[in-house]
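# Architecture and fold: a report
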Amino acid sequence: MLSSLSIRDIVLIDRLDLEFDPGLSVLTGETGAGKSILLDAFGLALGGRADAALLRPGAGQATVSAEFAVAPGHPARAVLEEQALPVDGSIILRRQLGTDGRSRAFINDQSVGVALLRRVGDLLVEIEGQFEQQGLLDSANHRAMLDSFAGLKESAAQVRAAWRRWQACRTARSEAAAAFERARRDEDYLRHAVDELTAIAPRAGEEVELADQRRLLMNREKLLDVARAAHTDLAGDRGADSLIASAQRRLDRIADRAGDLTAPITAALDRAANELAEARDRLQRLIADPELAPHRLGQIEERLFALRDLARKHAVPVDRLPEHAATLAAQLAALDDESGRLARLVQDEADARAAYATAAEGLSKARAKAARRLDTDVNAELPPLKLDKARFATRLEQLAESDWGEHGRERVVFEVSTNPGMPPGPLARIASGGELSRFLLALKVVLAAADPVPTLVFDEVDSGVGGATAAAVGERLARLGRNLQVLVVTHSPQVAARGQQHWRVEKAAAGKGVVTRVTRLDAGGRREEVARMLSGATITAEARAAAERLMAAPAARKAR
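Overview of the structure. In this text the structure is predicted, and so the values were computed from the model without any measurement.

### Here we look at the sheet that holds strand β9 (residues 391-398)
What the 3 strands build is an open sheet, ordered β9-β10-β11; its pairing is antiparallel. Single-partner strands in this sheet number two, and they are β9 and β11 (425-426). Inspection of the sheet shows β9 paired to strand β10 (residues 410-417) by 8 bridges, in the antiparallel sense. The residue of β10 that forms the bridge with A393 is E415. Contacting β9 and β10, helix α4 (residues 142-150) crosses the sheet at an angle of about 90° to β10.

As structure tokens, then:
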């Protein structure tokens, strides 16, 4: 509820600090005293439109601050927690307005955007005036109000969960179907690519091997010339073989006379002869190696260039061709598997839709039953409010499947008919200003327990009525005040007499000008103010007596 309101330099208000109690509080005063200014200032703190015209003449800045005591589980706390704003104690909304019409918004002394200020303000206060009613006039709110009135929170949550499950299944099926279609369109390409890669059978590291072989073969002629020359050096008439054999024969001829002196030399020459024989054989094999055949360079280059062309075609490095081939083969194999998976997803979606339809149908039936009860309760409130010819109706508009959503399969709209035989229509278009205010009062009385907004403000809800109708308005406001904090701007003594807290708004001289003052009245002051409202400028004894009777009425005492 609203705990306090501080206003600085708004139009005729220079400085004002008010503290509010629970229950019904009334604000009275002469026309032009500043009651509307007070509400404009309050609206500014709640995120209303900023206007430089609200700034008191001569002031450089206007400030309005509203402090609220909020229950632990109230939705406003959840909003602030989402925004990482401190919510340990009360919630303080503050707005500053400069001479250029620009404003700054604060929640618990933290700078915020005006949109967030308005969002939180809408959760804390609802202002119902002849031209400012938004909460009940906005059909977007009617569904939630009906659900709350009927206690359908759990059923609505089940429908919401079923809807989200259905949408998740629909998305999964849609994405899988799109992927399957893309794969089908690419099937011919996949088969060709897999066949092509399978035919060439690339191996990891093959590019390096082929490049090395190519470099070698490009020097083939030089290599073979050198090998042949080396072989001639070893095996020719004056080659190494002949020279070693000649040396061995010479040593053999003197071996019996040289004793052991030539034995090591002969052994070394034997080893050299063996090594030379191996070298000669290796050179011979090299010269005859088929890998050095003239056509091998063409074969090597053909494969190397084919691998590189294929790598460019698939936009992968040559060394990744084997991995890429395996990936494409897996995609091709998955086509058959994907068709089965898609069929399962289609079934999942159908099952999820059926579950949603069942939950939504149950919620629709519960809403229809609750709508009949709401209509009965609201229509029972209308005759005492001088709306005996009017009828209230809750319309459940069935939606096409394309418009179904997480809130169900129907749109909830509150409608009224003010004259017999006339079709019902939206509140704002059918009811006149005074009728509209009383319709909203009747709705609020019935829906009070279902509305999370803890503070209601009524601006002249009694406009255009008096006598018994005004008394009925006051009685219903008092009833609202038993469960909610209600602030009422009124010109009706019958309504003012019901107040648990009474504020008088008046103008007072201040220097060369005037300012608005707001005074909290005690019991005697309340009686005088109600008497003034009954009799006018001159308060008579009869007016005071009548005021006493109004304030002492059984319903008024119950409200207090």
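From this point on, the discussion continues.
### Focus on the side chain of S25
Relative to the helices and strands, S25 is located in strand β3 (residues 24-28). By relative accessible area, which is 0% here, S25 ends up buried. Among the polar contacts listed, one links the side chain of S25 to the side chain of Q501, at a separation of 2.7 Å.

### Here we look at the sheet that holds strand β5 (residues 91-98)
The antiparallel open sheet is built from 6 strands, whose spatial order is β2-β1-β4-β5-β6-β7. The open sheet has two free edges, formed respectively by β2 (13-19) and β7 (110-112), since each of these has just one partner strand. Direction aside, the axes of adjacent strands within the sheet are offset by 15° on average. Judged from the 5 bridges that link them, β5 and strand β6 (residues 103-107) form a sheet pairing that is antiparallel. The residue bridging R94 from the neighbouring strand is F106, located in β6. Packing of helix α3 (residues 114-124) onto the sheet brings it into contact with β4 (61-68), β5, β6 and β7, and relative to β5 it is tilted by some 135°.

### Comments concerning the environment of F180
The topology assignment puts F180 in helix α5 (residues 153-185). Using a relative accessible area of 14% as the deciding quantity, one classes F180 as buried. In this structure, the C-alpha to C-alpha distance between F180 and P420, residues 240 residues apart in sequence, is 61 Å. Excluding residues within four positions of it along the chain, F180 makes contact with L335, E338, S339 and L342.

Scoring rules and cut-offs
- Residues numbered from 1 in each chain as written.
- Predicted model: local features only at pLDDT ≥ 70, side-chain atom pairs only at ≥ 80, totals over all residues.
- Heavy atoms only, no water.
- Pairing = 2+ DSSP bridges.
- Helix = DSSP H or I, 4+ residues; strand = E, 2+ residues; numbered from the N terminus.
- Contact = heavy atoms within 4.5 Å.
- Axes fitted to C-alpha atoms, helices over the stretch in contact; angles between N-to-C directions.
- Buried < 20%, exposed > 50% of the residue type's maximum accessible area, 1.4 Å probe, protein only.
- Polar contact = N/O pair within 3.5 Å; in protein donor to acceptor, adjacent residues only side chain to side chain.

Keep in mind that these numbers describe shape and distance, not what the molecule does.
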